[in-house]
Amino acid sequence: MNETDERSALLGPAEIHAIAAALDIRPTKVLGQNFVHDGGTVRRIVRAGGVGRDDHVLEVGPGLGSLTLALLETGAHVDAVEIDPRLARALPETVRARMPEATERLTVTCMDAMKVTPDELGDAAPTKLVANLPYNVAVPVLLRLLERFETLRDVLVMVQAEVADRLVAGPRSRTYGVPSLKAAWYGHAERAGSIGRAVFWPIPNVDSALVRLTRRDEPLGDAVLRDATFDAIDRAFGQRRKTLRAALRDWAGSGEAAADLLTRAGIDPQARGETLSIDQFVDLGRLIVAARHDPSTPEGAYTSTRNGEAHA
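The rules we used
- Residues numbered from 1 in each chain as written.
- Predicted model: local features only at pLDDT ≥ 70, side-chain atom pairs only at ≥ 80, totals over all residues.
- Heavy atoms only, no water.
- Axes fitted to C-alpha atoms, helices over the stretch in contact; angles between N-to-C directions.
- Helix = DSSP H or I, 4+ residues; strand = E, 2+ residues; numbered from the N terminus.
- Parallel < 35°, antiparallel > 145°, perpendicular 65-115°, else oblique.
- Contact = heavy atoms within 4.5 Å.
- Nonpolar A, V, L, I, M, F, W, Y, C, P; charged D, E, K, R; others polar.
- Pairing = 2+ DSSP bridges.
- Buried < 20%, exposed > 50% of the residue type's maximum accessible area, 1.4 Å probe, protein only.
- Polar contact = N/O pair within 3.5 Å; in protein donor to acceptor, adjacent residues only side chain to side chain.
- Phe/Tyr/Trp six-rings, centres within 6.5 Å; stacked < 30°, edge-to-face > 60°.

Where helix 8 (residues 178-186) contacts helix 13 (residues 278-292), the two axes come as close as 10 Å, and the packing angle between them is 80 degrees. Between helix 8 and helix 13, the angle is such that the two are roughly perpendicular. Seen from helix 8, the contacting residues are L181, A184 and W185; seen from helix 13, they are I278, F281 and V282. When grouped by side-chain class, the residues that make up the contact of helix 8 with helix 13 number six nonpolar, no polar and no charged.

Structure follows, in structure tokens:
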């Protein structure tokens, strides 16, 4: 394929509008749909994600296929998860029409990204996540995928700029909070650039940014420790302005119990959640796990706030 053919394989504004019209698709805020119509932008996203030949990429919310085609252009295999049945049915046809040699490297699964598991993808074991995430559910989707797909080593997602700031923030910063800490459990997150509004249809009323996350070589702990740590994080930031002693009081059973737990974790009970690193919350989580298995722990103490969802 020569350079001219490569350019024509991607979707521009005219192609985006034509496909949408043929499918009677009207972008909806409910599904967070804003379609990218600039070839340079999707190629930039693919480069930022470090995608190359024979990579196995998970894409969430492929929409009309702009980013999908750019991913396939590299020679990568793409597993696309799309919640809209019309878009899921149309995507293989778009690839077949514009990049026929890549059809065997695309698999489309029609389902909610919050519910997808490795089993739904069959034998696929994606190692990269590259996606323009729906802005209204970006953080829960990202955390859920990191939780369920342990094979994902590298992540490059486009999200609302404000969400990007929260994901990459460090302790004591204004934007540091639940998304920052839960992302840090899985790996190191950093900004990877900004995206202008004009490359979307419809044009969003928010700025966009790229976030790159590299998974830790060794996990901080198992699922039990993760859940306990996330419980502590949720509690600490559920009442952000309170000291940790006060924020964890009801959860621990009393203010004294909360202070004791924090002190044993090496944390000042008068500190606030925004001052703690992920490692400090993990230390707290370890004590919580131990306490839950201690017969002397008051009944009802350290009750989980999680209900199976990836809270953010």
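We are not done yet, so read on.
The pairing of strands in a sheet happens through backbone hydrogen bonds and is either parallel or antiparallel. With mixed pairing, the seven strands of this open sheet are ordered in space as 4-3-2-5-6-9-7. Looking at strand neighbours, the two that pair on one side only are strand 4 (106-110) and strand 7 (187-195), the edges of this open sheet. Taking the axes of each pair of neighbouring strands and ignoring which way they run, one obtains an average angle of 20 degrees across the sheet. Here five bridges tie strand 2 (residues 56-60) to strand 3 (residues 77-82), and the two strands are oriented parallel to one another. Across the sheet, V57 pairs through a bridge with V78, a residue of strand 3.

A separate point is the environment of P219. Its place among the elements puts P219 in the loop between strand 9 (208-215) and helix 9 (223-238). Using a relative accessible area of 60% as the deciding quantity, one classes P219 as exposed. For the pair formed by P219 and W185, sequence separation is 34 residues and the distance between their alpha carbons is 7.8 Å.

Now for unusual backbone geometry. Look at the link from W201 to P202: it is a cis peptide, with omega at -10 degrees. The residue P202 is located in the loop between strand 8 (200-201) and strand 9 in this model. With a phi close to 75 degrees, D54 is a non-glycine residue in the positive phi region. With respect to the helices and strands, D54 occurs in the loop between helix 3 (39-48) and strand 2. A relative accessible area of 58% places D54 in the exposed class.

Right, let's talk about the side chain of N132 for a bit. Structurally, N132 is set in strand 5 (residues 128-132). Residue classification places N132 among the buried positions, given a relative accessible area of 16%. There is a polar contact of 3.4 Å between the side chain of N132 and the backbone oxygen of N34.

With that out of the way, let us pick up the packing of aromatic side chains. Taken as a whole, this structure holds five aromatic pairs when the rule is applied. Ring plane angle 80 degrees and centroid distance 6.4 Å describe the contact between Y176 and F237, whose orientation is recorded as edge-to-face. Residue Y176 is found in the loop between helix 7 (161-168) and helix 8, and its partner F237 is found in helix 9; the two are separated by 61 residues along the sequence. Each member of the pair Y176 and F237 is classed as buried. Taking 6.4 Å as the distance between ring centres and 40 degrees as the angle between the ring planes, the aromatic pair formed by F237 and F281 counts as tilted. Of this pair, F237 sits in helix 9 while F281 sits in helix 13, and the two are 44 residues apart along the sequence.

The analysis is restricted to geometry; functional conclusions fall outside its scope.
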